There are 2 protein chains.
Amino acid sequence: MELSRREKSLVKALTTRNGRRRSGCCRCEGVRAVRELLDNFPQLVQFTVATERGAASLPGKAPEDLRIVSEKEFEELAGTVNSQGVIAIATIPPDAAGEVAGEFILALDQLGDPGNFGTIVRTFRAAGGKELWYTKGSIDPWGDKAIRSGMGAQFGLKMRRFETLAELAEKAASSGYGNFFIADPHEGESCFTCPGLFDKSVIVIGGEPNGVMENYAPARRVIIPMPGDYESLNAAQAATIIIFESVRRKLAAGGK
Amino acid sequence: MELSRREKSLVKALTTRNGRRRSGCCRCEGVRAVRELLDNFPQLVQFTVATERGAASLPGKAPEDLRIVSEKEFEELAGTVNSQGVIAIATIPPDAAGEVAGEFILALDQLGDPGNFGTIVRTFRAAGGKELWYTKGSIDPWGDKAIRSGMGAQFGLKMRRFETLAELAEKAASSGYGNFFIADPHEGESCFTCPGLFDKSVIVIGGEPNGVMENYAPARRVIIPMPGDYESLNAAQAATIIIFESVRRKLAAGGK
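Residues numbered from 1 in each chain as written. Chains lettered and ligands numbered in written order. Predicted model: local features only at pLDDT ≥ 70, side-chain atom pairs only at ≥ 80, totals over all residues. Heavy atoms only, no water.

Undergrad: Let's hear about the interface of chain A and chain B: which residues, and what values?
TA: With 34 residues of chain A at the contact, the number on the chain B side is 34 residues. Summing both partners gives a buried area of about 2,800 Å² for chain A against chain B, and 60% of it is carried by carbon and sulfur. At the boundary of chain A with chain B, the tally comes to zero salt bridges. Seen at the junction of chain A and chain B, the total is four residue pairs in polar contact (both at pLDDT 80 or more). A total of nine residues in the side of chain A that touches chain B trace back to one element, the largest contributor, which is helix α10 (residues 235–252) of chain A. In terms of residue class, the side of chain A that touches chain B is built from 16 nonpolar, 10 polar and eight charged. (Contact = heavy atoms within 4.5 Å. Buried area = accessible area lost by both parts, 1.4 Å probe. Salt bridge = Lys/Arg side-chain N within 4 Å of Asp/Glu carboxyl O. Polar contact = N/O pair within 3.5 Å; in protein donor to acceptor, adjacent residues only side chain to side chain. Helix = DSSP H or I, 4+ residues; strand = E, 2+ residues; numbered from the N terminus. Nonpolar A, V, L, I, M, F, W, Y, C, P; charged D, E, K, R; others polar.)

Undergrad: Residues and numbers for the sheet that holds strand β9 (residues 189–190) of chain A, please.
TA: All names here are of chain A. Strand order in this open sheet of seven strands is β7-β6-β5-β10-β8-β11-β9, and the pairing throughout is parallel. Here the strands that pair on one side only, and so sit at the sheet edges, are β7 (158–162) and β9. In terms of strand pairing, strand β5 (residues 104–108) meets strand β6 (residues 131–135) through four bridges, oriented parallel. Opposite L106, over in β6, you have L132 as the bridge partner. Contacts between helix α8 (residues 165–174) and the sheet are confined to β5, β6, β7, β8 (179–183) and β10 (201–205), with β6 contributing the most and set at about 150 degrees to the helix. (Pairing = 2+ DSSP bridges. Axes fitted to C-alpha atoms, helices over the stretch in contact; angles between N-to-C directions.)

Undergrad: Summarise the state of the cysteines; cite the residues concerned and give the values.
TA: The full count for this structure, using the stated rule, is zero disulfides over all chains. C194 of chain A provides the cysteine sulfur closest to C191 of chain A, a residue in no disulfide bond, and the two sulfurs are 8.5 Å apart. (Disulfide = S-S within 2.5 Å.)

Undergrad: With reference to specific residues and values, describe unusual backbone geometry.
TA: Residue and element names in this part refer to chain A. At Q110, a position not held by glycine, the phi torsion is positive, near 50 degrees. On the secondary structure map, Q110 appears in the loop between β5 and α6 (114–126). The class for Q110 is partly exposed, based on a relative accessible area of 43%. Unlike most non-glycine residues, M151 shows phi in positive territory, near 50 degrees. Here M151 lies in the loop between α7 (144–150) and β7. You can call M151 partly exposed: its relative accessible area is 26%. (Buried < 20%, exposed > 50% of the residue type's maximum accessible area, 1.4 Å probe, protein only.)

Undergrad: Break down helix α6 (residues 114–126) of chain B for me, citing the residues and quoting the values.
TA: Residue and element names in this part refer to chain B. Over its 13 residues, α6 runs 18 Å from end to end, which matches the ideal 18 Å to within 8%, given 1.5 Å per residue. By the criterion of burial, α6 is predominantly enclosed, with 11 of the 13 residues buried. You can read the cap of α6 off the contacts: a side-chain oxygen lies 3.1 Å from the backbone nitrogen of G115, and it is on D113. Just downstream of α6, G128 is the residue with a positive phi angle, here 90 degrees. (Expected span 1.5 Å × (residues − 1).)

In structure tokens:
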């Protein structure tokens, strides 16, 4: 089927926050991200635009409602050179519902950079994480940049949004995740030895390590030791170290 | 002193590779990066451009040859909104000379992305790393984007460039760093348990895990276990995990 004029302007409009808000849709570029979307939320996909090559490079079952366009037409629609010839348009996924799963919840507090957000999402997914929670003030995980940086990994996680860190903590506690940790650049227990760090816990990254959660529940501070005395890890690097410490501990304990 | 017209066009020209090649200079933006440069290579600094506010925010000793410009003039020169009102221009630092120091050498092979390169440099520095080696085909560590992403951490490391991985391996071996490891996304020993990983070793990240080094010396492959079965770590995240595994091991062994 051909790409209609209406669809074409929707694809373009979705690179802006306004366009997403008005349509309630998101735009998902690249082979990997589109695959994630199709696998996890097929019912939300409105249509997929691809070049002949892009469509051929998509592994697995071909998407329904596929619009084939020329390389030239595609270029006009693509956000980057890495779009790989395929873009899917979908209704923005609703917040995850149902039971909370996994060993620990990764909570991003007011994380404003889409590149960092996306990188954390991918890394968490690579490590086998399940629950990615975030607070208001973070960037929109369904924005085109965040999806690109995350390579669509957000479609495969349980994403839940909260108005405040206190609300987030409350939901976690009532779900049996009662141990709170805040990654702190200045003080705290070492993330490499801190007991119970991944034991039905919530680990908060980014934003200000503010008092909101402290008011709700006693939170322990964890720090990443930096022998270089060069304090310079960004949120994505800090999250990566902590996330893979969970992998290391699990393997050391004989887990799969 | 005022910024001359010649200096002004140099500052602008240094955002391009051509401009750097012609002048042999690099451009260093932001409070932190400028401080690193001034602390490590004061003799290479040609001049520093700053707004009143930028100059005041620079900790420590004020740079010589300071050019104060208006906020408006500065905006025209700045590469990003994060320039923080200060840019230093310096001769590109020569390759590090002298003895090889530190527990292990981090080697970046044909790493083409300045953001990744910079992030790795910062992270390595935070972990107390010393020797950052790289091969031809990697981006220029003294490019403005790499310096920005690295926050100037490259000025505080021993940076050495090699034509090939084989040359790099040869220099390492002759300096007493004879254990070679290549981070491999597909197979190898776990980075969390692999013995000797940081014991007078070279760890190669990025590029193709090609046969060049294999031809020179037997290299062991290390892998980052990913229980998520979602293979998606970029070079910067992979490097971060390995670099901080070295910190963890050192602390576990009772080192400071």
